[in-house]
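A closer look at the structure
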Amino acid sequence: MAMKVTVIGLGYLGATHAVAMAELGHQVIGIEADPQKLAALQAGKLPFYEPGLDEALTRVIETGRITFQPDHNESSRTADAHFLCVGTPQVSGSYAADTSYLFSAVDALAPYLSETAVVAGKSTVPVGTAKELINRLSAAAGFSAHLVWNPEFLREGTALEDSLRPDRIVVGVPAGDAHSERVMREIYEPILNGDTGSAAGQTPFLVMDVATSELVKVAANSFLATKISFINAMAEISEAAGADAVALAEAIGMDARIGSQFLRNGIGFGGGCLPKDIRAFMARADELGVGSAVDFLADVDAVNLRRRQRVLDLANQELGDIAGKKILMLGAAFKPDSDDIRDSPALDIAVQLAKAGAKVVIHDPMSLAGVMAKHPELDSVQDLTSAAQDAELVVLGTEWKLYRELDANSFGELVANKTVIDGRNALPYHAWQDAGWKVIALGRNLENA
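Below is a summary of the structure that appears in this document. No experiment lies behind these values; they were computed from the predicted model shown.

**Description of the pairing of strand S12 (residues 393-396)**
Burial of S12 is two-sided: the residues Leu393 and Val395 facing one way and the residues Val394 and Leu396 facing the other way are all buried. When S12 meets strand S13 (residues 419-422), the two strands line up parallel, connected through three bridges. If you follow Leu396 over to S13, its bridge partner there is Asp422.

**What to know about helix H10 (residues 245-253)**
Looking at H10, one finds that the buried residues are Ala245, Ala249 and Gly253. One side of H10 carries all its buried residues, which in axial view fall inside an arc of 70 degrees. In this structure, H10 carries Glu250 and Ala251 as exposed residues pointing more than 90 degrees from its buried face. At its buried positions, H10 is contacted by helix H9 (210-241). Two or three places before Val246, at the opening of H10, Asp244 has a side-chain oxygen 2.9 Å from that residue's backbone nitrogen.

**Concerning the environment of Ile31**
The residue Ile31 is located in strand S2 (residues 27-31) in this model. In this structure, the C-alpha to C-alpha distance between Ile31 and Gly14, residues 17 residues apart in sequence, is 9.1 Å.

**Overview of helix H13 (residues 345-355)**
By the burial criterion, the buried members of H13 are Pro345, Ala346, Leu347, Ile349, Ala350, Val351 and Leu353. The secondary structure elements touched by the buried residues of H13 are helix H12 (296-319), strand S9 (326-330), strand S10 (359-363) and helix H14 (368-374). In the stretch just after H13, Gly357 is the one whose phi turns positive, near 105 degrees.

**What to know about the nonpolar core**
Membership of the largest hydrophobic core comes to 44 residues, with the highest contact counts inside it found for Met21, Val28, Phe83, Met184, Ile187 and Tyr188. Looking at which element gives the most residues to this core, the answer is helix H1 (residues 12-23), with eight residues. Not counting residues within four places of it along the chain, the set of residues in contact with Met21 comprises Val5, His26, Val28, Phe83, Ile187 and Tyr188. Of all hydrophobic cores here, the second largest spans 28 residues; its members include Ile322, Ala346, Ile349 and Leu368.

The rules behind the values
- Residues numbered from 1 in each chain as written.
- Predicted model: local features only at pLDDT ≥ 70, side-chain atom pairs only at ≥ 80, totals over all residues.
- Heavy atoms only, no water.
- Buried < 20%, exposed > 50% of the residue type's maximum accessible area, 1.4 Å probe, protein only.
- Helix = DSSP H or I, 4+ residues; strand = E, 2+ residues; numbered from the N terminus.
- Pairing = 2+ DSSP bridges.
- Arc of directions from axis to C-beta.
- Contact = heavy atoms within 4.5 Å.
- Polar contact = N/O pair within 3.5 Å; in protein donor to acceptor, adjacent residues only side chain to side chain.
- Core = buried A, V, L, I, M, F, W, Y, C linked by side-chain atoms within 4.5 Å.

This is the structure:
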């Protein structure tokens with residue numbers, strides 16, 4: 001059954017969720033206070049890059065199932081549900097998450113909230129936040145509001161697919177609130193029935209207490225970050241011992257208890273989720289008096305940051321004094337198929353190389369506008385041929401398909417020195433070596449490969 005929903009906050013999460021809700025057949029009102037984001041969405045343009053989402057946005061706008069506005073009005077009173085998708089960034093100077101945007105969002109919603117509407121939080125929050133929000137919302141609305149937690153599990157690059165065909169749907173429902181559970185089941189009914197392409201009944205619908213649902217996302221991200229830092233720690237040992245961390249990962253990943261996903265060593269994780277979430281998890285655990293339970297996450301974070309420093313060390317090792325040397329950074333986004341540069345390892349390495357005096361030229365298929373706005377000190381070049389001209393060192397920081405499929409011979413004719421640091425273990429190193437390149441891949445001994 002088609003329902004009417006609002007989606008509050010139209011950043012990466014909110015815009016994706018709003019489009020997905022409209023794709024499911026619901027009537028969607030998108031609420032976004034930022035005038036630039038709002039204008040872009042009203043014009044049918046995404047304020048970020050996500051494969052396939054722009055076409056879906058155009059499609060649902062044409063159906064009339066989605067509209068965008070700067071704030072709530074009387075139309076919000078008739079909504080069946082309101083999704084909270086505002087950001088929870090890391091507090092400056094602290095590991096804690098800034099939840100102030102969430103509280104502002106419920107304050108703005110309260111005057112337009114009906115007694116039967118369900119408020120569903122999707123933002124990643126410290127455990128216990130929902131309890132504070134429901135108390136605040138109920139006091140402002142003047143009645144006992146319905147609030148559940150419905151965490152998101154989107155991966156940049158496959159966000160719409162993850163929304164329409166998720167591997168699970170998690171809903172944290174207060175004890176005895178059968179109404180909220182029923183509304184949430186109705187909202188996701190097309191997915192549960194298999195109308196989005198998955199087999200009916202294939203997607204688990206997990207109902208649990210609210211506190212547990214708040215923990216699901218941060219616990220999952222902490223586990224994934226731990227796997228990445230584990231294999232990067234093994235890469236450090238492999239480099240010292242002359243072993244091959246890629247072969248090691250392949251071997252241990254075949255153990256069904258371990259699995260191969262996220263066992264890929266390189267310059268580490270970044271983006272708007274994993275770094276922020278593990279730090280906020282540590283901060284919240286400290287507030288709860290159980291900080292020692294997640295002490296290991298500090299080491300996970302430290303290992304991750306050390307891999308960035310490893311590239312700086314290798315650059316100095318290869319070039320001697322890097323001051324004045326031209327270094328080409330291939331990639332600025334934290335992962336391919338995204339223009340997100342938040343906590344990007346590639347961009348951080350580029351910035352640190354520039355601070356050390358190198359002449360850094362950075363190329364990326366999608367994110368250079370953001371790089372130029374945030375780091376004007378870097379030489380951002382859109383044309384790859386121009387960017388590579390006379391480079392004395394090449395660093396692969398983001399494993400875009402464009403870079404993985406480069407012709408090593410013709411690319412080698414552009415640079416001054418055919419040395420590449422493969423920070424993602426993504427290049428076909430035999431082809432590059434055959435073309436006369438010195439390939440340095442993190443965690444690998446390619447001289448004996």
